[in-house]
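# Residue-level structural notes
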Amino acid sequence: RIPRGKGYWPAFWTFGGDGGWNEIDVFEFWDYYGPGGTFKLDKSVRRLRTNTHYDFEQDGGHDNCPKHKYLTDFSVGMHTFELIWTPYTIEWIVDGKSVRKKFKFSKGIGLNKIDCENYRKGKRYKVDKAFPTQKMKIIVNVAVRTKGVLPNATDTSFPGVMDVDYIRYYKR
């Protein structure tokens, strides 16, 4: 269960690798601006953001591939988040339902996504630059924004708590 309040930035993510910016966001929830730039607290707890960052060129920069999906209010009740990361795909599952799948290889933009079933050694594929390949550490945290939408006495109560029942990690 994530905290509800203006300026909170709860996240469950991985980070690591050899230099550069290598990250997979299982989830992060952060402030939402509606039409006209108005802050919408109700949408900030429903706007699931999944993302990958990877320093493909090893130059200290990073490519990333965020996706946003509006689902339930994650500040109400407990929820399950799963990430299945293989050498060929990354899949995000929320409350038992697949919400996103990312492929490392393809035969072109939006065409013929390649997973372990149809990968053929020696063939040429387009490589997604934002597909992390290095070992990473798991991080679960609640940050407080210092730029953009800041906490205030009306919309934010402290302390902000993210309830986590358990985290399981499996390696094939």
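The sections below set out a description of the structure shown in this document. (Residues numbered from 1 in each chain as written. Predicted model: local features only at pLDDT ≥ 70, side-chain atom pairs only at ≥ 80, totals over all residues. Heavy atoms only, no water.)

## Quick notes on the sheet that holds strand 8 (residues 97-103)
Strand pairing in a sheet relies on backbone hydrogen bonds, with the paired strands running either antiparallel or parallel. An order of 6-7-8 is seen for the three strands of this open sheet, with the pairing classed as antiparallel. Edge positions in the sheet fall to strand 6 (81-85) and strand 8, since each of these pairs with one other strand and no more. Geometrically, the sheet is characterised by an average inter-axis angle of 15 degrees between neighbouring strands, direction not taken into account. Pairing of strand 7 (residues 89-94) with strand 8 involves six bridges; the strand directions are antiparallel. (Pairing = 2+ DSSP bridges. Helix = DSSP H or I, 4+ residues; strand = E, 2+ residues; numbered from the N terminus. Axes fitted to C-alpha atoms, helices over the stretch in contact; angles between N-to-C directions.)

## So, the nonpolar core
Ranked by size, the top nonpolar core spans 17 residues in total, and within it Ile2, Phe27, Phe29, Leu48, Phe74, Phe81 and Val94 carry the most contacts. Breaking this core down by element, the ones donating at least two residues are strand 2 (23-28) and strand 7. (Core = buried A, V, L, I, M, F, W, Y, C linked by side-chain atoms within 4.5 Å. Buried < 20%, exposed > 50% of the residue type's maximum accessible area, 1.4 Å probe, protein only.)

## Re the pattern of salt bridges
Applying the stated criterion across every chain, the model contains four salt bridges. Arg1 is the salt-bridge partner of Asp163, the closest N and O atoms lying 2.8 Å from each other. Of the two residues, Asp163 sits in the segment after strand 12 (136-144) while Arg1 sits in the segment before strand 1 (8-16), which places them 162 residues apart along the sequence. In this structure Asp163 comes out as partly exposed when scored by relative accessible area, which is 30%. The exposure class of Arg1 is partly exposed, given its relative accessible area of 35%. (Salt bridge = Lys/Arg side-chain N within 4 Å of Asp/Glu carboxyl O.)

## Some details on the packing of aromatic side chains
Describing an aromatic ring pair means giving the distance of the ring centres and the angle of the ring planes. Tallying each qualifying case throughout the model produces 10 aromatic pairs. Between Tyr8 and Phe158, the ring centres sit 5.6 Å apart and the planes meet at 70 degrees, which makes this aromatic pair edge-to-face. Pair noted here: Tyr8 is in strand 1 and Phe158 is in the segment after strand 12, with a separation of 150 residues, a long-range link. Here Tyr8 falls in the buried class, since its relative accessible area comes to 4%. (Phe/Tyr/Trp six-rings, centres within 6.5 Å; stacked < 30°, edge-to-face > 60°.)

## Some remarks on the environment of Leu83
Secondary-structure assignment places Leu83 in strand 6. On a C-alpha basis, the gap between Leu83 and Lys101 in space is 9.7 Å, while along the polypeptide they are 18 residues apart. Setting aside residues up to four positions removed in sequence, Leu83 forms contacts with Ile24, Val26, Ile90, Glu91 and Trp92. (Contact = heavy atoms within 4.5 Å.)

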